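Coordinate inspection notes
Letter by letter, the chains look like this.
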Amino acid sequence: MKHAPTRAFLKWAGGKFGLMKEIKAHLPEADVLVEPFVGAGSVFLNTQYSAYHLNDINPDLINLYQLLKTKPDQIIADIERLMQEYNNQAERYYALRDEFNQCNDIQRRSALFVYLNRHGYNGLCRYNRKGGYNVPFGRYKRPYFPQKEMWAFAEKAQLATFSCLSYQDVMRNAPANAVIYCDPPYAPISETAKFTDYARVGFSLDDQHQLAVLAREAAAQGTSVLLSNHDTALTRELYRGARLTKLHVSRTISRHGASRKKVGELLALYR
């Protein structure tokens, strides 16, 4: 019996929900799926491994996921209180964004993170160099409260271990019985198409190179690695030696609606 695909509860630039059929077709079998760049978690939610190691460099994301695993009733109730109609106006949004940027309480900050994700412009997650969340108000008529999707995440999170480490540490310490799926911030397709500010530190071209080296090293040690990225001359050079599959995907997060076109994407498998 086929299960309906599970949507992530967060809006996310580069989310993989629409590519799950292709990704699952290329992910090797293993006991554990390791994701150094878990993002919104579509691959986690739509695969069937015995265990998961889910990592991201964004502490707000990982703290939220930990709370959904351990205190789902409390955090979902906190989010519901924020997702009221009176908070869907610019003045309230910017006041709550300011509160988020000054907040050190993990549970309150996590609830605000979901509120900002659902009310902010185009579902972006973006910070300035000082770590301040700076996405403007999105002006949605009726932002969606993803209660069902959060409960689905909380249930499956019982199989997961979460961490907020560098991708290098996660890649180098993957268990022997794992497969690794990497969905890093993508290499730019042009000089004006850089979106690397979703965490406080960007993801440089040196990082793109180092990730490819680590993937080859992991495969040489017997751990298969599947990577996603833009299909460019750079990524084809970086992923030399991998089995490459070209896909075409529609980009749904863009500053200009007219520029939301299909672009080439690569799946690179080292095994």
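Quick note: structure is the one above.
As the structure is a prediction and not an experimental result, all values here were calculated from the model.

Structural notes on the packing of helix α5 (residues 90-102) against helix α6 (residues 106-119)
Viewed as axis vectors pointing N to C, α5 and α6 meet at an angle of 140°, and their least axial separation amounts to 10 Å. Classified by the angle their axes make, α5 and α6 are oblique. For the pair α5 and α6, the crossing hand works out as left-handed. Residues R92, Y93, L96, R97, E99, F100 and N101 of α5 form the contact with α6, whose participating residues are R108, R109, L112, F113, Y115, L116 and H119. Grouping the amino acids of the contact of α5 with α6 by side-chain chemistry returns seven nonpolar, two polar and five charged.

A closer look at α5
In this model α5 runs 18 Å from its N-terminal to its C-terminal C-alpha over 13 residues, within 8% of the 18 Å that 1.5 Å per residue would give. Buried residues of α5: Y93, L96, R97 and F100, and no others. Down the axis of α5, the buried set is contained in an arc of 105°. They therefore lie on one face. Residues of α5 that are exposed and angled more than 90 degrees away from the buried face: E91 and Q102.

A few points about the packing of aromatic side chains
Summed over all chains, the structure comprises 17 aromatic pairs. Taking 6.1 Å as the distance between ring centres and 75° as the angle between the ring planes, the aromatic pair formed by F9 and Y65 counts as edge-to-face. One end of the pair, F9, is in the segment before α1 (20-26); the other, Y65, is in helix α3 (residues 59-70), with 56 residues separating them in the sequence. Of the two residues examined, F9 and Y65, each falls in the buried class. On the basis of an interplanar angle of 75° and a centroid distance of 5.5 Å, the ring pair of F100 and Y133 is categorised as edge-to-face. Of the two residues, F100 sits in helix α5 while Y133 sits in the loop between α6 and α7 (147-156), which places them 33 residues apart along the sequence. Accessibility classification places F100 together with Y133 in one group, the buried group.

A look at the packing of helix α4 (residues 72-82) against α7
Two elements in contact, α4 and α7, have axes separated by 11 Å at closest approach and are oriented at 160°. On the basis of their axis angle, the class for α4 and α7 is roughly antiparallel. You can see that α4 and α7 cross each other, and the crossing is right-handed. Mapping the contact onto sequence places P72, D73, I76, I79 and E80 in α4 and Q147, M150, W151 and A154 in α7. Looking at the contact of α4 with α7, its residues break down into six nonpolar, one polar and two charged.

Considerations on the environment of E80
Among the structural elements, E80 can be located in helix α4. With residues near it in sequence (within four places) discarded, E80 still touches F145 and Q147.

Quick word on the pattern of salt bridges
Within this structure, the stated rule accounts for seven salt bridges. E237 serves as the salt-bridge partner of R240, at 3.4 Å between the closest nitrogen and oxygen. In this structure R240 comes out as partly exposed when scored by relative accessible area, which is 42%. Through salt bridges with shared partners, a single network forms among D231, R236 and K246.

Description of the side chain of D60
Tracing the backbone through its elements, the reader meets D60 in helix α3. At a separation of 2.7 Å, a polar atom in the side chain of D60 contacts the side chain of Y127. Other than its neighbours up to four places away in sequence, D60 contacts F100, R109, F113 and Y127.

Cut-off values and rules
Residues numbered from 1 in each chain as written. Predicted model: local features only at pLDDT ≥ 70, side-chain atom pairs only at ≥ 80, totals over all residues. Heavy atoms only, no water. Axes fitted to C-alpha atoms, helices over the stretch in contact; angles between N-to-C directions. Helix = DSSP H or I, 4+ residues; strand = E, 2+ residues; numbered from the N terminus. Parallel < 35°, antiparallel > 145°, perpendicular 65-115°, else oblique. Left-handed = near helix turned anticlockwise from the far one by under 90°. Contact = heavy atoms within 4.5 Å. Nonpolar A, V, L, I, M, F, W, Y, C, P; charged D, E, K, R; others polar. Expected span 1.5 Å × (residues − 1). Buried < 20%, exposed > 50% of the residue type's maximum accessible area, 1.4 Å probe, protein only. Arc of directions from axis to C-beta. Phe/Tyr/Trp six-rings, centres within 6.5 Å; stacked < 30°, edge-to-face > 60°. Salt bridge = Lys/Arg side-chain N within 4 Å of Asp/Glu carboxyl O. Polar contact = N/O pair within 3.5 Å; in protein donor to acceptor, adjacent residues only side chain to side chain.

Geometric values such as these leave the question of function open.
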